[in-house]
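Here is how the chains run, residue by residue.
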Amino acid sequence: MAAYAAGTTDITLTTHARDRISGRGIRAWQVEQVMLYGRVSHLRKSTVYAVGVKEIKEHGTFLEPCLGIHVVCASDSDLVITTYRNHDLRGLRL
């Protein structure tokens, strides 16, 4: 599996994640903010970070462009597998 560094951050992206980020209009800085300030859930041998309204109220309006973004990482590292937008966060168990 190929991996790439996302800009100046320490986040590592798989080829799949890089394709999905560019195809879905998600920026590297948004992935970083979601991983820093988003809620964390452990699902199906992966770690999912997501930003909802709760995180925006808690941390500030600078997260508004990240609303609904999910970042799926390998469970044993911060290797980003994929990203997507979904405003329904009910499926994430805390």
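None of the values given here were measured: they were computed from a predicted structure.

Draft legend 1. Structural context of the packing of aromatic side chains. Counting across every chain of the model gives 1 aromatic pair. For the pair Tyr37 and Phe62, a centre-to-centre distance of 5.3 Å together with 80° between the ring planes defines the contact as edge-to-face. Placement of the pair is Tyr37 in helix H2 (residues 28-37) and Phe62 in the loop between helix H3 (53-59) and strand E5 (69-74), with a sequence separation of 25 residues. With a relative accessible area of 30%, Tyr37 lands in the partly exposed category. Among the residues examined, Phe62 registers a relative accessible area of 41% and is labelled partly exposed.

Draft legend 2. How the structure looks around the pairing of strand E4 (residues 46-50). Taken across its 5 residues, E4 has 5 buried, putting it largely inside the fold. Along E4, one buried face is formed by Ser46, Val48 and Ala50 and the opposite face, lined by Thr47 and Tyr49, is buried too. As paired strands, strand E3 (residues 39-43) and E4 are joined by 5 bridges and run antiparallel to one another. Paired with Ser41 across the two strands is Val48, which belongs to E4. Where E4 lies against E5, 5 bridges are found, and the strand directions are antiparallel.

The rules we used
Residues numbered from 1 in each chain as written. Predicted model: local features only at pLDDT ≥ 70, side-chain atom pairs only at ≥ 80, totals over all residues. Heavy atoms only, no water. Phe/Tyr/Trp six-rings, centres within 6.5 Å; stacked < 30°, edge-to-face > 60°. Helix = DSSP H or I, 4+ residues; strand = E, 2+ residues; numbered from the N terminus. Buried < 20%, exposed > 50% of the residue type's maximum accessible area, 1.4 Å probe, protein only. Pairing = 2+ DSSP bridges.

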